[in-house]
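# Chain and residue survey
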Amino acid sequence: MAKYLLLKHYRGAPAAINDVPMDRWTPEEVSAHVQYMRDFAARLEGTGEFVDSQALAPEGTFVRFDGEGRPPVTDGPFAETKDLVAGWMVIDVDSYERAVELAGELSAAPGAGGKPIHEWLELRPFLTAPPTVTE
Amino acid sequence: MDEVLLRSLTPGVLAVLVRRGADFAAAEDAVQDALVEALRVWPADPPRDPKGWLVTVAWLKFLDATRADAARRRREDLVEDEPAPGPASAADDTLQLYFLCAHPSLTPSSAVALTLRAVGGLTTRQIAQAYLVPEATMAQRISRAKRTVSGVRFDRPGDVATVLRVLYLVFNEGYSGDVDLAAEAIRLTRRLAAALDHPEVAGLLGLMLLHHARRAARTASDGSLVPLAEQDRTRWDTRSIAEGVAILQAALARDRLGEFQAQAAIAALHADAPTAGETDWPQIVEWYDELARLTDSPVVRLNRAVAVGEADGPRAGLAALAALDDSLPRYAAVAAYLHERDGDTATAARLYAEAARKAPNLAERDHLTRRAARLNAGR
């Protein structure tokens, strides 16, 4: 019973094996990819392991506090920012091994030529609630 | 209406349906439907015999559900030999339900979910909220679990250790939400102890009561963790401690030691000390030796190193620690503590910071970060 975040990057992850930009795929390949993602989420719902899945717009804004009584400062987007998160899936699984297995399956989503993208996904454990028994 | 009373009746009702020949999954659904009905009807019209009412309504729900499908013929057979109460007692029924819900073919999370619903009588929504997953996910987890155990024969007890592990998980790994999982685990373990006379069941119940007794003292008003040595012991629940100790003593007297009794004994020794300084550490070390013998768990040896550090000084604790694998969870935290006690604040601060980076939960991380910060600030 542990939650993991499967993080998908626009930028910042090592290059995928089948690394063709999505706009160079055929429309059918795009549809097949989208369908694969939907089926994957539905399957995890079926196994009782799905928690959440969201996609993010590629462009965002950096914001920071600028002192009492002043509006926050905004900046960006920065083209040079190394990491750009594209979206995530949150899963609730029995073991780290199961999380790795699922991440591997998600990374097999089809891309150009209908072949798996072999995309690198980042797997991050959630911090949990503290246990009751401590000694 | 007393929801706890209502929920305490569910395993018995479920067992009656299964005894009458309903398959487990369908029976469990029917009981849930009956519970929902009870919550609706009882406030205005409380029944004289709550359990009888639930059995009747759940049985009708079960018959309704099976009416339309291919099980019709089977249902008619069932109706004919309907009230065939088996020779088994209510306690036996409850017991078999515990075993079924903790069946070894289930993953830990499935066993936990099924136990909370079928034995605990919680709704799917409550369980989903308690474990921070969507209700649809939890519903699927439970129905898969029911399918997994649907072929298991409901007539003989299994290994009690599997049930205890599930109850321990409910107690130890809950989030703090609307459903108090620790209290729920105690309730379920208490009922198991009433149905099954077994020293390890008693040991687990004692362990839970002794740890639950410290609950109010374990977190500060800002939510931060308060370590055992710094807890305000006047806030410990003395009634819960007394009950836990009595249950443990009766279990230990039977001379069939197990890991939960040994863990409870350690908790009891802490509970027994009026101040942290008066803790009987040598005896705690002995119990850790027993526990290491019983479980062969590296985590136990890690905790033992802490106890050795208190009993024989931090150098002895560090020596005990040196024999262990430094990739163990919380190894750095233990090392930091022992170095701090040994007066090596620089090393301790560095290790606390490292431990904070590796902490598996936020409260622990914050606690360890504060320790590092305090040492770095020279306080």
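Data block above holds the structure.
These lines cover the structure that appears in this document, whether it is placed above or below. (Residues numbered from 1 in each chain as written. Chains lettered and ligands numbered in written order. Predicted model: local features only at pLDDT ≥ 70, side-chain atom pairs only at ≥ 80, totals over all residues. Heavy atoms only, no water.)

With that settled, consider the interface of chain A and chain B. Many authors give the size of an interface as the accessible area that is lost as the parts come together. Chain A puts 21 residues into the contact, and the matching count from chain B is 39 residues. Together chain A and chain B conceal approximately 2,400 Å² of surface at their shared face, both sides included; 54% is due to carbon and sulfur atoms. Considering only the surface of chain A that becomes buried against chain B, Met1, Thr132 and Glu135 of chain A emerge as the three largest contributors, covering 31% of it. Across the contact surface, chain A and chain B share one salt bridge. Between Asp92 of chain A and Arg141 of chain B there is a salt bridge, and its shortest N-O distance comes to 2.8 Å. At the junction of chain A with chain B, the criterion picks out 11 residue pairs in polar contact (both at pLDDT 80 or more). Contributions of two or more residues to the side of chain A that touches chain B are made by α1 (27–47) and β2 (50–55) of chain A. Ranked by residues supplied to the side of chain A that touches chain B, first place goes to α1 of chain A with three residues. (Contact = heavy atoms within 4.5 Å. Buried area = accessible area lost by both parts, 1.4 Å probe. Salt bridge = Lys/Arg side-chain N within 4 Å of Asp/Glu carboxyl O. Polar contact = N/O pair within 3.5 Å; in protein donor to acceptor, adjacent residues only side chain to side chain. Helix = DSSP H or I, 4+ residues; strand = E, 2+ residues; numbered from the N terminus.)

Moving on, we come to the packing of aromatic side chains. Residue and element names in this part refer to chain B. For the structure on display, the rule yields four aromatic pairs over all chains. Ring centres 5.2 Å apart and planes at 75° place the aromatic pair Trp42 and Trp53 in the edge-to-face group. Separated by 11 residues along the polypeptide, Trp42 in the loop between α2 (24–41) and α3 (50–67) and Trp53 in helix α3 bring together distant segments of the chain. The buried category is assigned to Trp42, whose relative accessible area is 6%. The positively charged end of Arg20 is found above the aromatic ring belonging to Trp59, 5.0 Å away from the centroid. One Lys or Arg, Arg214, reaches over the ring of Trp236 and ends 5.6 Å from the middle of that ring. (Phe/Tyr/Trp six-rings, centres within 6.5 Å; stacked < 30°, edge-to-face > 60°. Buried < 20%, exposed > 50% of the residue type's maximum accessible area, 1.4 Å probe, protein only. Lys NZ or Arg CZ within 6 Å of the ring centre and 35° of its normal.)

Next up on the list: the packing of helix α14 (residues 259–272) of chain B against helix α15 (residues 281–295) of chain B. Residues and elements named next belong to chain B. Two numbers describe how α14 lies on α15: the axes approach to 9 Å, and their chain directions differ by 165°. The orientation of α14 relative to α15 falls into the category roughly antiparallel. The hand of the α14/α15 crossing is left-handed. Two secondary-structure elements touch here, α14 through Glu259, Ala262, Gln263, Ala265, Ile266, Leu269 and His270 and α15 through Trp281, Gln283, Ile284, Trp287, Tyr288, Leu291, Leu294 and Thr295. Here the residues of the contact of α14 with α15 are counted per class, giving 10 nonpolar, four polar and one charged. (Axes fitted to C-alpha atoms, helices over the stretch in contact; angles between N-to-C directions. Parallel < 35°, antiparallel > 145°, perpendicular 65-115°, else oblique. Left-handed = near helix turned anticlockwise from the far one by under 90°. Nonpolar A, V, L, I, M, F, W, Y, C, P; charged D, E, K, R; others polar.)

As a further point, take the sheet that holds strand β6 (residues 122–125) of chain A. Residues and elements named next belong to chain A. Read from one edge of the open sheet, four strands run β2-β5-β1-β6, paired in antiparallel fashion. Each edge of the sheet is formed by a strand with only one pairing partner; in this case those strands are β2 and β6. On average, adjacent strands in this sheet sit at an angle of 20° to one another, irrespective of strand direction. Taken strand by strand, α1 contacts β1 (2–11), β2 and β5 (84–93), and its axis lies near 25° from that of β5. (Pairing = 2+ DSSP bridges.)

This next bit is on the environment of Gln261 of chain B. All names here are of chain B. Along the chain, the position of Gln261 falls in helix α14. Separated by 216 residues in sequence, Gln261 and Asp45 have C-alpha atoms that sit 45 Å apart. Not counting chain neighbours up to four residues away, the residues in contact with Gln261 comprise Pro199, Glu200, Gly203, Leu248, Ala251, Leu252 and Arg256. Here the side chain of Gln261 touches Glu200 through a polar contact of 3.0 Å, side chain to side chain.

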